[in-house]
Amino acid sequence: MSVPFAHVHGGFSSFNLTAASKRDAGNHASLVDACRLSRARVVVVPSLYEGFGMPVIEAMASGCPVITTPHGSLAEAAGDAALFINGESPEEMRGALARILDPAVREDLRGRGLRQAARFRWPDMASVFAASVESLLDEARAGTYDAFLAEWKRLRQIQANVE
């Protein structure tokens, strides 16, 4: 099976793009831009562990179907809008890639992906994060972590003496 592809790798918001086509897309692009520029038919994230599934959400936001694993946070990020594989089976990967070539499957995943990605909005995520930080600060000011921090300091001192 011959499928044009874009290989995207890198950090949280800046990705290096190398496309099968030799178009000049610049050295850095977001995954959303990479999907659009390469006209990717699918983004595959076969991760066995993921801190959070931003590549999955960005691909879905661009209208690109996703094949991923249910490991780590990827199941939450993808919801019901991706084809799931275990990430360790080449045969399963081949089957998922063959399924994604079906226009009906691709269009279904595209629509579900756009809806799923819309659930993750930066202002909402920032508000939740800010509220969590404020809560932790209040707890710290109230002394909730004093015993833990004293024990941590004691253990770090032991470790420093061993090294």
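Refer to the structure printed above.
Residues numbered from 1 in each chain as written. Predicted model: local features only at pLDDT ≥ 70, side-chain atom pairs only at ≥ 80, totals over all residues. Heavy atoms only, no water.

Peer 1: Explain the overall build of the protein chain residue by residue, including any values.
Peer 2: Counting secondary structure elements, the protein chain contains 7 helices and 6 strands. Reading the secondary structure of the protein chain in the N-to-C direction produces β-β-β-α-β-α-β-α-β-α-α-α-α. For the protein chain, the proportion of its 163 residues judged to be buried stands at 28%. Summed over its atoms, the accessible surface of the protein chain is roughly 10,500 Å², and 57% of this surface lies on carbon and sulfur atoms. (Helix = DSSP H or I, 4+ residues; strand = E, 2+ residues; numbered from the N terminus. Buried < 20%, exposed > 50% of the residue type's maximum accessible area, 1.4 Å probe, protein only. Areas by Shrake-Rupley, 256 points an atom, 1.4 Å probe, with all protein chains shown as cover.)

Peer 1: Describe the nonpolar core, naming the residues involved and giving the relevant values.
Peer 2: Burial of nonpolar side chains together is a common tendency in soluble globular proteins. One finds Val 56, Ile 57, Met 60 and Val 66 to be the most contacted residues of the largest nonpolar core, which totals 16 residues. When contributions to this core are tallied by element, the ones reaching two or more residues are strand S4 (43–45), helix H2 (54–61) and helix H3 (74–78). Sort the elements by how many residues they give to this core and H2 lands first, with 5 residues. If we skip the residues at most four places from it in the chain, Met 60 touches Val 66, Ala 77, Ala 78, Ala 81, Ala 82, Gly 113, Leu 114, Gln 116 and Ala 117. Counting residues in each nonpolar core, the second largest holds 8 residues, with Val 42, Ile 67, Leu 83 and Ile 100 among its members. (Core = buried A, V, L, I, M, F, W, Y, C linked by side-chain atoms within 4.5 Å. Contact = heavy atoms within 4.5 Å.)

Peer 1: An account of the pattern of salt bridges is requested, with residue identities and associated values reported.
Peer 2: Under the definition given, this model contains 6 salt bridges. A salt bridge links Glu 107 to Arg 110; its shortest N-O distance comes to 3.8 Å. On the criterion of helical spacing, the pair formed by Glu 107 and Arg 110 is a turn pair, its members being 3 residues apart in helix H5 (residues 103–118). The salt bridge partner of Asp 108 is Arg 112, with a shortest N-O separation of 2.6 Å. A residue pair is termed a helical-turn pair when its members lie 3 or 4 positions apart in one helix, as Asp 108 and Arg 112 do in helix H5 at 4 residues. Owing to a relative accessible area of 39%, Asp 108 belongs among the partly exposed residues under this scheme. (Salt bridge = Lys/Arg side-chain N within 4 Å of Asp/Glu carboxyl O.)

Peer 1: Give a detailed account of the environment of Pro 70, specifying residues and quantitative values.
Peer 2: Along the polypeptide, Pro 70 turns up in the loop between strand S5 (66–68) and H3. Classification of Pro 70 by relative accessible area gives partly exposed; the value is 42%. In sequence terms Pro 70 and Pro 46 are 24 residues apart; their C-alpha atoms lie 9.2 Å from each other. Pro 70 has contacts with Ala 75, Phe 84 and Ile 85, leaving out every residue within four places of it along the chain.

Peer 1: With reference to specific residues and values, describe the environment of Cys 64.
Peer 2: When you line up the elements, Cys 64 lands in the loop between H2 and S5. Separated by 50 residues in the primary sequence, Cys 64 and Leu 114 have C-alpha atoms spaced 8.6 Å apart.

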